[in-house]
Amino acid sequence: LEGKPKAPFVPRFENYQEVYNHIAKLLEEHDDYDDGSYGPVLLRLAWHASGTYDKETGTGGSNGATMRFAPEGDHGANAGLKAARDFLEPVKEAFPWITYSDLWILGGVAAIQEMQGPKIPYRAGRSDRDLSFCTPDGRLPDASKDHSHIRAIFGRMGFDDRAMVALSGAHALGRCHTDRSGYSGPWTFSPTTLTNDYFKLLIEEKWQYKKWNGPKQFEDVKTKTLMMLPTDMEIVKDKSFRKYTELYAKDNDAFFKDFSNAVVTLFELGVPFEHPEDQRWVFKSSFD
Ligand code: CCH
């Protein structure tokens, strides 16, 4: 007699927490990269997967993981993100049931939480799609541009000024690489810990043009070791942006709360979830 057919494996919260734990362990083990962590580049992967969303057409966003394919992976803005995709490959092998789309976003969530940022509630349910879903080049922000470009790009995703400034606070993390974007250097002195230092530095330090052959960027007058992109300077120059920059420079809790909300929205843009919004999962961090 045949046994009962096996019930299909339906992953639950515990299974995704296991994936989170695996990513957290790999982050700790591979501390020989950049400033000691793959966290920043993992966050950038999740953001660039999501930030292609266009609310008018409903195209782009993290559903699909189309950056796996040449047209989108080769977009200039995505230079260097192969390091993050490769980092997550053994995780996909260990947990083959997770989609790349869900995994990349879980990587971003784990990166933020493991770098001592706020909790980022998560929903699974993204599916991988083929290369016909690749978005056209030019949907991600260009760092050489001004406030009107920032508003056009993030407005296309549906964000307001406050969320745009909150999201920019991610630049407390990581650095620019001349072989990726052409820009150079970190924004803060602690590029592997999420803090509101990016806003504090923007407000408190004096910034000048860096004298070099590379693209136009700023350096802090005092130490000449930190950097700001032209787009970063816009969030202190533009009056409406500036009031949020001042708020977050003074109030890390306000920053964490708004950053978490904006990132949850970003990571879910264009995803047709089955689970309702009030059933998001909050993962335990390795240090909880
Ligand atoms: Fe960013 N970002 N970003 N960024 N970004 C770069 C690096 C990181 C812009 C340009 C750049 C967000 C918004 C913007 C991260 C997260 C976010 C780099 C350097 C450029 C250029 C890339 C390199 O050379 O490796 C511009 C322009 C905007 C908006 O106008 C948002 C939003 C987020 C996330 C919420 C992170 C993290 C990094 C560091 C990556 C690393 O490898 O260290």
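Everything discussed here concerns the structure shown above.
Rules used in this analysis
Residues numbered from 1 in each chain as written. Predicted model: local features only at pLDDT ≥ 70, side-chain atom pairs only at ≥ 80, totals over all residues. Heavy atoms only, no water. Near = heavy atom within 4 Å. Polar contact = N/O pair within 3.5 Å; in protein donor to acceptor, adjacent residues only side chain to side chain. 1 Å grid on protein atoms, 1.4 Å probe; cavity = no way out; pocket = protein on both sides within 12 Å on 5 of 7 lines; lining within 4 Å. Sits in = over half its atoms within 2 Å of the grid points. Helix = DSSP H or I, 4+ residues; strand = E, 2+ residues; numbered from the N terminus. Nonpolar A, V, L, I, M, F, W, Y, C, P; charged D, E, K, R; others polar. Domains from an automatic or database assignment. Buried < 20%, exposed > 50% of the residue type's maximum accessible area, 1.4 Å probe, protein only. Lys, Arg positive; Asp, Glu negative; His and termini not counted. Salt bridge = Lys/Arg side-chain N within 4 Å of Asp/Glu carboxyl O. Contact = heavy atoms within 4.5 Å. Donors = N, O, S within 2.8 Å, 3.2 Å for Na, K, Ca; no water. Pairing = 2+ DSSP bridges. Points joined across faces, edges and corners; volume = space filled by probe spheres on them.

Asker: Any chance you could break down the site of the ligand for me, citing the residues and the numbers?
Answerer: Around the ligand, 22 residues are found, and the nearest of them are Trp47, His171, Arg175, His177 and Ser181. A distance of 2.9 Å separates a nitrogen atom of the ligand from a polar atom in the side chain of His171. More than half of the atoms belonging to the ligand lie within 2 Å of the grid points that define the largest pocket. Of all the secondary-structure elements, those providing two or more residues to the shell around the ligand are α2 (39-50) and β1 (175-176). In terms of residue count, the dominant contributor to the shell around the ligand is α2 (five residues). Taken together, the residues of the shell around the ligand sort by class into 14 nonpolar, five polar and three charged. Taken together, domain 1 (13-139 + 262-279) and domain 2 (147-260) each give at least three residues to the shell around the ligand, which thus spans both.

Asker: Explain the side chain of Lys92 to me, and be specific about the residues and the numbers.
Answerer: Positionally, Lys92 belongs in helix α4 (residues 82-94). Salt bridges are absent for the buried Lys92, whose nearest opposite-charge side chain, Asp128, sits at 4.7 Å. Among the polar contacts listed, one links the side chain of Lys92 to the backbone oxygen of Pro96, at a separation of 3.4 Å. Beyond its immediate sequence surroundings of up to four residues, Lys92 is in contact with Ile98, Thr99, Tyr100 and Leu103.

Asker: So what's going on with the coordination of the iron atom of the ligand? Residues and values would help.
Answerer: Among protein residues, the single donor to the iron atom of the ligand is His171 (NE2), with a metal-donor distance of 2.1 Å. Counting through the fold element by element, His171 comes out in the loop between α7 (161-168) and β1.

Asker: Go over the sheet that holds strand β4 (residues 218-220), please, and point to the residues and values.
Answerer: Strand order in this open sheet of three strands is β3-β4-β5, and the pairing throughout is antiparallel. In this open sheet, the two strands that pair with only one neighbour each are β3 (207-209) and β5 (227-228).

Asker: Hey, could you go over the layout of surface pockets for me, with residue numbers and the actual values?
Answerer: Picture a little ball the size of a water molecule; that probe, rolled over the atoms, points out where space is still empty. Considered as a void within the structure, the largest pocket measures approximately 970 Å³ in volume. When residues of the lining of the largest pocket are assigned to their parent elements, the largest contribution, six residues, is made by α2. Broken down by class, the residue content of the lining of the largest pocket amounts to 27 nonpolar, eleven polar and seven charged. Summarising the domain contributions, the lining of the largest pocket has at least three residues from each of domain 1 (13-139 + 262-279) and domain 2 (147-260). As for the second largest pocket, its lining consists of 15 residues, and the residues nearest its centre are Tyr16, Asp102, Ala124, Gly125 and His275.

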